[in-house]
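# Structure assessment
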Amino acid sequence: MPTTIYAANTDGPVRNYGESSWDGAHDSAGSSGTSAFPNTDVHPYYGAGITAGSSGANPDIFRAFFAFDTSGISVSPSSAILYVYTSQGAGDVIAVKATAPDLSTDIAAADFNNLDGWTSGFGSGDLTAYSAQITTQGANSLWSITLNAAARSDMASLSVLKVCLMNYDHDYLDVAPTTSIGTSGGNQDVGFHWSEYTDAARRPRVAYEVGYGQNVSGVSADSINNVNGVLRANILGVLGVED
C-alpha cells in the first residue's frame, strides 16, 4: 500500500519575463523580471513551460517548485510517483532536483535558478534529473511522473525532497525556440494546481512504496532481484526462518 506525502504549502510557480534574448531568460539569476506566486491557487495556468517569439525572443519561462517532507523515510523506496493535476497541458516536462523551497519558507523570485547543478549557461548535463522526459498527458488530468533512483535515494538521505518541474524541449535542453510559441495552440505551457487547492485529489503529492527487500540485511529492493539461483534454504537462512 503506497504512502502519500503532500507538497508543503510553500510550493508555487516562478516566472522569468521581460528579457530580450533566450539566454537572458534561461540563465537568469532570478532578480529583475522574475515573479513568484506562493500561497495561492489563483494561477493554475502557471507551471512548467515557455512562451516566446521567433528565435527565442522575449521569452517567458515558468518553473514549478515543490517541497516534500521526507524526514520519516530512512531507506530508499522501491518506487515513487509524483502526481500533479493540470489545468492545461501542452508540452513535455521533466522533474529535476531543486534547492528550494523548504517546508516553511515560501518560494520566491530569487529561487528561479535554484536548481541543483545550476551555473550560468547551464544545460541538461549540469542538472540532476529526477525523472525521464514526461510526454504531455493533457489538460485537466492527473499526471503521473515516475521518480528515478536518484530521487528515491534523496528521499531517504534528505529530510526534504525539493523538486522542480520544467519544460523539457527548450528549458531543460537549453534550446531556443526557432518559431513563435504562444499561450494557446501549439504551445509549451503546462499549468498545475497547487497545495492550496480545495480538493485534495488535485494537490501535488508523492506516493511511494518500500519493498520487502528493504528488510533483508539492509539490501535494497533493486538488489533483491539478483538472488536468482540461490537455494531457497539459503535464503530462508538469511532470515533465520525454518522451512
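Cut-offs applied
Residues numbered from 1 in each chain as written. Predicted model: local features only at pLDDT ≥ 70, side-chain atom pairs only at ≥ 80, totals over all residues. Heavy atoms only, no water. pLDDT = per-residue confidence, 0-100. Contact = heavy atoms within 4.5 Å. Phe/Tyr/Trp six-rings, centres within 6.5 Å; stacked < 30°, edge-to-face > 60°. Buried < 20%, exposed > 50% of the residue type's maximum accessible area, 1.4 Å probe, protein only. Lys NZ or Arg CZ within 6 Å of the ring centre and 35° of its normal. Helix = DSSP H or I, 4+ residues; strand = E, 2+ residues; numbered from the N terminus. Arc of directions from axis to C-beta. Lys, Arg positive; Asp, Glu negative; His and termini not counted. Salt bridge = Lys/Arg side-chain N within 4 Å of Asp/Glu carboxyl O. Polar contact = N/O pair within 3.5 Å; in protein donor to acceptor, adjacent residues only side chain to side chain. Core = buried A, V, L, I, M, F, W, Y, C linked by side-chain atoms within 4.5 Å.

## Considerations on the confidence of the model for the protein chain
It should be kept in mind that the predicted coordinates are not to be read in detail where pLDDT is low. Confidence along the protein chain averages 83 in pLDDT terms, with 78% of residues attaining 70 or more. This stretch, residues 213-233, has a pLDDT under 50; its non-local contacts, to residues over four places away or in other chains, come to 20 contacts. When the criterion is pLDDT under 50, residues 235-243 qualifies, and its contacts beyond four places in sequence or with other chains add up to 7 contacts.

## Quick word on the packing of aromatic side chains
In total, this model carries 5 aromatic pairs according to the counting rule given. Relative to Phe-68, the ring of Phe-66 has its centre 6.4 Å away and its plane inclined at 25°; by these criteria the two rings are stacked. For the pair formed by Phe-66 and Phe-68, the shared burial category is buried. Relative to Trp-194, the ring of Phe-192 has its centre 6.1 Å away and its plane inclined at 85°; by these criteria the two rings are edge-to-face. The same class applies to Phe-192 and to Trp-194, which are both buried. Through successive ring pairs, a cluster of aromatic residues spans Phe-66, Phe-68, Phe-192 and Trp-194. The ring of Phe-112 has Arg-63 lying over it, and the distance from NZ or CZ to the ring centre is 3.9 Å.

## Focus on the environment of Gly-121
Looking at the secondary structure, you find Gly-121 in the loop between strand S7 (93-97) and strand S8 (142-146). On the basis of relative accessible area, Gly-121 is assigned to the partly exposed category, the value being 44%. With 95 residues separating them along the chain, Gly-121 and His-26 place their C-alpha atoms 8.0 Å apart. Apart from residues lying up to four places away in sequence, Gly-121 is in contact with Asp-27 and Asp-174.

## Considering helix H2 (residues 149-157)
Along H2, the positions that sit buried rather than exposed are Ala-151, Arg-152, Asp-154 and Met-155. Buried residues of H2 fall within an arc of 160° about the axis and therefore sit on the same side.

## Description of the pairing of S7
Counting buried residues in S7 gives 5 out of 5 residues, a clear majority hidden from the surface. The side-chain alternation of S7 yields two buried faces, one formed by Val-93, Ala-95 and Lys-97 and the other by Ile-94 and Val-96.

## Things to note about the side chain of Asp-189
For Asp-189, the position within the fold is in strand S10 (residues 188-192). No salt bridge is formed by the buried Asp-189; its nearest oppositely charged neighbour, Arg-15, is found at 8.9 Å. Within polar-contact distance, the side chain of Asp-189 engages the side chain of Gln-88 at 2.9 Å.

## Some thoughts on the nonpolar core
With 27 residues, the main nonpolar core has Phe-66, Phe-68, Leu-82, Val-84, Leu-147, Leu-165 and Phe-192 as its most contacted residues. Those residues in contact with Phe-68, other than ones at most four positions away along the chain, are Ile-5, Tyr-6, Ala-7, Leu-82, Leu-103, Ser-159, Val-160, Leu-161, Val-163, Pro-204, Arg-205 and Val-206. Residues Val-14, Phe-112, Cys-164 and Ile-181 belong to the second largest nonpolar core, which totals 20 residues.

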